[in-house]
Amino acid sequence: MPMRFSPLRRGSLFAMCGALVLWTSERQPLAQVPADLALINGTVLTVDARDSVAQAIAITAGKIIAVGTTDQIKARIGSATEVIDLRGRSVTPGLIDSHVHFSAADALFTVDLGDASIKTIADAQQRVADYVARLKPGEWVRGRGWDEGKYAEQRYLTAADLDAVAPNNPVWLTHTTGHYGVANTYAMKMAEVRKDTKDPPAGTIDRRADGAPTGVMKEAAMGLVSRLVPPLTRDQQKQGLARIIEDFNKEGMTGAKDPGIGQAKWELYQELLREGRLSVRVFALWSGARRLEDRAAVLARVQANPRQAGLAGDGMLISGGVKMFMDGSGGARTAWMHEDWNKNLTDLDTGNAGYPSTPPDQYRQIVTELHNAGVHVSTHAIGDRAIDWVIDTYDRALQATPTRGLRHGLIHGNIPTDRAIDTMARLQRDYDAAYPEASSTFMWWIGDNYAGNFGRLRNQRLDPFKTFTRKGIQWGGGSDYPVTPFAGRYGLWAAVARETLNGTFGATPFGTAESVDIKTALRSYTIWAARTMFLEDRIGSIEAGKDADLAVWDRNPYQVETAALKEMKCELTLVRGKVVFKESR
């Protein structure tokens, strides 16, 4: 029987650059087994400990059995081996998003305002008006993705803006950050939000000078309106998962850490896994308690779905631990800071240093109890004061109950203090804990908003990746989708370029001193991200014995100009050796 041959793409062979590393048979646990699949004539960026570059890969039963030169891998080709001629294309480990709200349901079934083509309030109003035209009076308008930092007016959407296009329908539109939203007058009447309505704990009702609500609700105040919005159906939620799985694979993405899930979403994941439709590895974090009285229920849910069960299987679906919150948003200026927020880069938001979203002492008690129970915890913290509290909490818990390998995480960790950075470095070294899950795309997609709010001095501290590398700190790259677009190539580019979308306060208001090179950025989306999911022994690099989660690209990210990283195109994606996406020609 002749071997099967699948050229990925016709064309001339690209020049091969970089060192080619030879692997000996002693390093191949399945050395004599003919390959099911061989990828040859490529540039294989292994992201191993030496950043080795190879030409070819052999795969059997979903696992990599050999990595080396094309001639070496040809020796693994048998009569039934499928061969893919890469014709010079580059291969990386499949990209992993270490922080993504993994669903496209809102994009499919609600008003999508997260489009860079929406540049004015009028553009946003038109998008809402188009949606309203399909509804009956009284039906809800639900949407997401607006961002005042992208608008020419540089201001929030308000109830008045929405009343002009939806006077007869209740409207609730969540901001791109997910930490604030805007309601129209119809919805506020339904929610009984009035001038005399008090701000709820850990929440803010935005008000006009006369005290009347503008329609914008921040943090816990969002619940005053959002609790009334009809939820999407189970079928819509499942369609949203199916779509984002497909879209991830198209972008060479094979892993996702999904924070803050509930039982319904877990059951959908299990269903998709049984149906053979889960082609992205999911490491799920359960929604954590914000009150002491809820902590027992959270712990019980985690213990009913132990992490080790997912790790012991095929590693496709893992109940990983718990997500906690310490503060709010850089966009809403609700994140907990040591000093007052800025506005418009140089103005001061006097008296507003944000606030904790969970009572700090209660947070510390909840996290300590989870730690003592052996549960992985990852905490949302954006402001420097919140970050200090979270890292100090981990430090105290680890000192009191030394446990190596729980890998507690710091979600976002936008502007850590020097003390927090030093503590993270020590905790990673001594306890395998305190890993940032950072979204470099914040600097791009919501960077114009962020730059104005953090202010000139704090901007230079945002996402201090270069400092992390100097201190020996590993981090996982992530998008926080739908806060920013999820494609990993954007995150790779943003970590290197540190440019904002519109350049409102200059192209690089965060400076470039904390930029990293593409090799480091790629690690954050592969092997380091795999570590945050407890999967670094299985995925994250291209090495013999690991699962064949791979992405094939139209260019070599190590060789192209920085701007070209954002335009990388995935041409083939494999998960456990199975092709889950192939660009059609």
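These figures come from a predicted structure and were not determined experimentally.

## Considerations on the packing of aromatic side chains
This structure, assessed with the given rule, holds 20 aromatic pairs. Summarising the aromatic geometry, the rings of F102 and Y269 are spaced 6.5 Å apart at their centres and angled 25° between planes, so their arrangement reads as stacked. In this pair, F102 sits in the loop between β9 (95–97) and α2 (105–109) while Y269 sits in helix α8 (residues 263–274), placing the two residues 167 residues apart along the sequence. This pair shows no difference in class: F102 is buried, exactly as Y269 is. On the basis of an interplanar angle of 75° and a centroid distance of 5.5 Å, the ring pair of F442 and Y450 is categorised as edge-to-face. Judged by its relative accessible area of 2%, F442 is buried. A residue is classified by how much of its surface remains accessible, and Y450, at 1% relative accessible area, is buried.

## A few points about the pairing of strand β27 (residues 578–582)
Judged from the four bridges that link them, strand β26 (residues 570–575) and β27 form a sheet pairing that is antiparallel. Paired with L574 across the strands is V579, a residue of β27. Here β26 hands over to β27 after two residues, with R576 in that stretch at a positive phi of 55°.

## Quick notes on the confidence of the model for the protein
This prediction gives the protein a mean pLDDT of 94; 94% of its residues lie at or above 70. Per-element confidence in the protein is highest for β9, whose mean pLDDT is 99, and lowest for strand β1 (residues 4–7), whose mean pLDDT is 47. A low-confidence stretch, residues 1–5 (pLDDT under 50), is modelled with 13 contacts involving residues beyond four sequence positions or located in other chains. Confidence drops under a pLDDT of 50 for residues 7–31, and excluding neighbours within four residues, the segment shows 65 contacts in the predicted structure.

Basis of the calculations
Residues numbered from 1 in each chain as written. Predicted model: local features only at pLDDT ≥ 70, side-chain atom pairs only at ≥ 80, totals over all residues. Heavy atoms only, no water. Phe/Tyr/Trp six-rings, centres within 6.5 Å; stacked < 30°, edge-to-face > 60°. Helix = DSSP H or I, 4+ residues; strand = E, 2+ residues; numbered from the N terminus. Buried < 20%, exposed > 50% of the residue type's maximum accessible area, 1.4 Å probe, protein only. Pairing = 2+ DSSP bridges. pLDDT = per-residue confidence, 0-100. Contact = heavy atoms within 4.5 Å.

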